[in-house]
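Coordinate analysis (summary)
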Amino acid sequence: MELPWRPNDEHVPARDLRASDADRERVVALLRDAHGDGRLTVDEHAERVEGAYTARTLGELSALTADLTTAEQQPIQVEDRPMLALFGTVRRGGRWVVPVRLPVSALFGTVEIDLREALLQRRHVVVRAAMLAGRLRLVVPEGVRVEFTGRSVLGAQDLRVRVPYGADAPVVEVSGVIVLGSVNARTPKRRRRWGVARRRS
């Protein structure tokens, strides 16, 4: 699995980050679905597909699908707004850009952050948490370290992340204050590879 960060010496707005071929294909797939169910005409579909393949930045790609689905379901997410969960669950996952500092808050709610396909703005990003009887759940790919440096009052931390090799591994730091809440982080289990042994004749 590829690490989700891109080396970046200077801060670049999420919209101005360069798009990859995989990013373009994500957008084209949504455009294909939108054409198939009638949300786009033949001409609109052709025009937007051409725009996707010639797009240079993530912002240009995101503009092509902004009117086709909700913000949470966009194939490319470039908004770095804070996350707030009030008596419910908010989730951010898929292909999105993680800012250097991401504020998250929960009041009797759950914030779920999936970083498996995300792009980190830096090797070291900070999730600034403010939790009151809330939960923060992190899913990170293998090779990313999670550190909790915040204060916990009658709270709990469960960081089940496989320790990466090397001191230069990307770090997700969770800071802030957790009151009567919890922070959970995990690395998904490796998929088993099943094979069939060949018989020797």
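Everything discussed here concerns the structure shown above.
Just so we're clear, the structure is a prediction, and the values are computed from it rather than from any experiment.

1. Quick notes on the environment of Gly143
As for its position among the elements, Gly143 is in the loop between strand 8 (135–139) and strand 9 (145–148). Taking the C-alpha atoms as reference points, Gly143 and Arg162, separated by 19 residues in sequence, lie 7.6 Å from one another.

2. Structural notes on the sheet that holds strand 2 (residues 89–92)
Whether parallel or antiparallel, the strands of a sheet pair through hydrogen bonds between backbone atoms. Taken together, five strands build an open sheet; the order of strands is 2-5-8-13-11 and the sheet is parallel. The open sheet has two free edges, formed respectively by strand 2 and strand 11 (156–160), since each of these has just one partner strand. The sheet shows a mean angle of 10° between the axes of neighbouring strands, taken without regard to direction. As defined by bridge partners, strand 2 adjoins strand 5 (residues 110–114) across four bridges and the pair is classed as parallel. Bridge pairing in strand 5 places Val90 opposite Val111.

3. Section: a negative patch on the surface
Together, Asp43, Glu44, Glu47 and Glu50 make up a region of like negative charge exposed at the surface. Structurally, the position occupied by Glu44 is in helix 2 (residues 42–54). A relative accessible area of 33% means that Glu44 is categorised as partly exposed.

Definitions and cut-offs
Residues numbered from 1 in each chain as written. Predicted model: local features only at pLDDT ≥ 70, side-chain atom pairs only at ≥ 80, totals over all residues. Heavy atoms only, no water. Helix = DSSP H or I, 4+ residues; strand = E, 2+ residues; numbered from the N terminus. Pairing = 2+ DSSP bridges. Axes fitted to C-alpha atoms, helices over the stretch in contact; angles between N-to-C directions. Patch = residues over 30% accessible without salt bridge, like charges linked within 9 Å, V, L, I, M, F, W, Y side chains within 5 Å. Areas by Shrake-Rupley, 256 points an atom, 1.4 Å probe, with all protein chains shown as cover. Salt bridge = Lys/Arg side-chain N within 4 Å of Asp/Glu carboxyl O. Lys, Arg positive; Asp, Glu negative; His and termini not counted. Charge placed at Lys NZ, Arg CZ, Asp CG, Glu CD. Buried < 20%, exposed > 50% of the residue type's maximum accessible area, 1.4 Å probe, protein only.

Shape descriptors only; they carry no functional weight alone.
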